[in-house]
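Secondary and tertiary structure notes
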Amino acid sequence: MQVIVIGAGQAGSSCVTKLRNLGFEGDITLIGEEPAPPYQRPPLSKKYLLGEMDVERLYLRPESFYGENGIDLRLNERVEAIDPAAKQVVTSADALSYDHLVLTTGSTPHRLPGAIGGALDGVYTVRDLKDVDAMAPEFAEGRRVLIVGGGYIGLEAAAVAASRGLQVTLVEMADRILQRVAAPETSDYFRALHASHGVNIVEGVGLEQLTGEGRVSGAVLSDGSELVLDFVIVGVGIAPATGLAEVAGITLDNGIQTDAQGRTSDPAIWAAGDCASFPYRGTRIRLESVPNAIDQAECVAENIMGAGKDYVAKPWFWSDQYDVKLQIAGLNVGYDRVVSRINDDVSRSFWYYQGETLLAVDAANAPRDYMVGKRLIEGGKSPDPAAIADPETDMKDLMRL
Ligand code: FAD
């Protein structure tokens, strides 16, 4: 029995490790186009970018782990095509046969079009080690950086840059930062946090043009203002890496479509992580997070071993900015009101409800609120919003619901 996993990232590494832990005795090949063994990406916009973490600490496991566990880890090798009829993959170096194929190809960051200066030197995205190593020398005190996009990655990069003494402007086209993913209360919290560190956040304004001869040296915004710059970081979202699957005729639907067990439209091909969309509470979603990549990939490994298990997503996420840790439990899609719990100036949580049903919690420096919220959501329980808002309510009491 031969399992091939395409994409040596968080989900790919989790899948092959789980297979061996479950006692899978067949051949396993893990193919990745990057030169590094599978590594964690979250520190790329946090501690690693700050220069507080060595590259080896990013690795999920030492490179020797794979060989020691009979996993053929092939780095610097790109899969060029899949032939589902012949059950073969063609890589930049080889042609290989599989019984089960797992797609954990992750996602690709959106780039700015060349016509508005996206191809100038000094314009960076934050997806992989190569990106961050390339931008690291730009982070010198006093330099001027423009961050395009006020999602979590843009805000984390802004926090690192401000902490290192750079002059930071962040431009967000939507009315407010985090608009796609969070309530106005959470946006307000992080806007104030960044303002207190001197970051200039400009909302409701787009980037019109990056300017410069060969290298970026300025920007024109849609309100007509002009900035003088040293470099630019682009954090305007990602697209699931579906190219291989599409050419192979596998069904796509906002990512590679899987059933509840992680199988694609081809029964010998599975998908997990950022690239996969799966059924969730009567709809179909795709999650871009480490916990999802791990849990979904492990579920696929179990199902390759015949478990017949549905993936039950328990979404959670985090973001670190300055000395604030934001923890998010649940998915806020469809919320119609938000209840704030103010513990103190920096410790707050925002609880998302749809009617009387609790959907999600954003907890900023409020680990207890996060823990209680997560347990309640996973248990399908919804506390009285008035009790949440009352700072006198002991969080422990809510657990007795
Ligand atoms: P990846 O880890 O991206 O792995 C996919 C791999 O497949 C890549 O190495 C890619 O090169 C390879 N590949 C693709 N196509 C081919 C091919 N044809 N041939 C060979 N190899 C191929 N999540 C959180 O939960 N919390 C956070 O705080 C957080 N912060 C983040 C910060 C940054 C800067 C980034 C970039 C992501 C962050 N994430 C965070 C998201 C999280 O890292 C991803 O959701 C997770 O890595 C997804 O795992 P994956 O295995 O699906 O994809």
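Let me sum up the structure you'll find in this document. Quick caveat, the model's predicted, so the values are computed rather than measured.

**Quick notes on the overall build of the chain**
Along the chain, the regular secondary structure elements total 11 helices and 26 strands. For the chain, whose C-alpha radius of gyration is 22 Å, the value lies close to the compact-globule estimate of 21 Å for 401 residues. In terms of overall dimensions, the chain has a C-alpha envelope of 65 × 55 × 35 Å along the principal axes. With 401 residues in all, the chain has 53% of them scored as buried. Here the analysis covers contacts within the chain between residues at least 6 apart in sequence; of these, 60% occur between residues at least 24 apart. Counting 36 positive and 56 negative side-chain charges, the chain places the averaged centre of each group 5 Å from the other.

**Brief notes about the side chain of serine 349**
One can find serine 349 in strand S25 (residues 348–354). Those residues in contact with serine 349 that sit more than four places away from it in its chain are Val339, Ser340, Arg341, Val361, Asp362, Ala363 and Asp369.

**Observations concerning the environment of aspartate 344**
Mapped onto the fold, aspartate 344 is located in the loop between strand S24 (337–342) and S25. Under the relative-accessibility criterion, aspartate 344 is labelled partly exposed at 40%. At 2.8 Å, the side chain of aspartate 344 forms a polar contact with the backbone nitrogen of serine 347.

**Here we look at the sheet that holds S25**
Across the sheet, which stays open at both edges, the five strands sit in the order S22-S23-S26-S25-S24 with antiparallel pairing between neighbours. What marks the edges here is a single partner per strand, and that holds for strand S22 (316–321) and S24. Taken over all neighbouring pairs, the strand axes of this sheet differ in orientation by 15° on average, direction set aside. In terms of strand pairing, S24 meets S25 through six bridges, oriented antiparallel. Bridging across to S25, valine 338 finds its partner in tyrosine 352. Packed on one face of the sheet, helix H5 (residues 152–163) meets S22 and strand S23 (324–330) and runs near 25° to S22. In the packing of helix H9 (residues 367–378) onto the sheet, the strands contacted are S22, S23, S24, S25 and strand S26 (357–364), and the crossing angle to S26 comes to about 160°.

**Re the sheet that holds strand S6 (residues 95–97)**
Pairing within the open sheet is antiparallel, and its three strands lie in the order S4-S5-S6. The open sheet has two edge strands with one neighbour each: strand S4 (79–83) and S6. Ignoring strand direction, the axes of neighbouring strands in this sheet form an average angle of 20°. As paired elements, S4 and strand S5 (residues 88–91) share four bridges and run antiparallel to each other. Considered in S5, the bridge of valine 79 is made with threonine 91.

**As for the pairing of strand S16 (residues 231–234)**
Where burial is concerned, the two faces of S16 agree: the one with Phe231 and Ile233 and the one with Val232 and Val234 are both buried. Sheet topology places strand S9 (residues 123–125) next to S16; three bridges connect them, and they run parallel. Looking at the pairing, tyrosine 124 lines up with isoleucine 233 of S16. Here strand S10 (residues 144–148) pairs with S16 via four bridges, running parallel. Following the sheet pairing, isoleucine 147 is matched in S16 by isoleucine 233.

**Here's the deal with the nonpolar core**
Across soluble globular proteins, nonpolar side chains show a tendency to be buried alongside one another. In this structure, Phe139, Val145, Ile147, Val168, Phe190 and Ile233 are the most contacted members of the largest nonpolar core, which totals 47 residues. The element that contributes the greatest number of residues to this core is H5, accounting for eight residues. If we ignore the near neighbours within four places in the chain, the residues touching phenylalanine 190 are Ile177, Leu178, Gln321, Val324 and Leu326. Membership of the second largest hydrophobic core comes to 23 residues, among which are Val16, Ala297, Ala301 and Ile304.

**Here we look at helix H8 (residues 290–304)**
With 15 residues, H8 ought to run about 21 Å at 1.5 Å a step, and its terminal C-alpha atoms sit 21 Å apart, in line with that. Regarding H8, the residues found buried are Pro291, Asn292, Ala293, Gln296, Ala297, Cys299, Val300, Ala301, Glu302, Asn303 and Ile304. Downstream of H8 by a residue or two, glycine 306 has a phi angle that is positive, lying close to 95°.

Basis of the calculations
- Residues numbered from 1 in each chain as written.
- Predicted model: local features only at pLDDT ≥ 70, side-chain atom pairs only at ≥ 80, totals over all residues.
- Heavy atoms only, no water.
- Helix = DSSP H or I, 4+ residues; strand = E, 2+ residues; numbered from the N terminus.
- Rg over C-alpha atoms; globule rule 2.2 N^0.38 Å.
- Buried < 20%, exposed > 50% of the residue type's maximum accessible area, 1.4 Å probe, protein only.
- Contact = heavy atoms within 4.5 Å.
- Lys, Arg positive; Asp, Glu negative; His and termini not counted.
- Charge placed at Lys NZ, Arg CZ, Asp CG, Glu CD.
- Polar contact = N/O pair within 3.5 Å; in protein donor to acceptor, adjacent residues only side chain to side chain.
- Pairing = 2+ DSSP bridges.
- Axes fitted to C-alpha atoms, helices over the stretch in contact; angles between N-to-C directions.
- Core = buried A, V, L, I, M, F, W, Y, C linked by side-chain atoms within 4.5 Å.
- Expected span 1.5 Å × (residues − 1).

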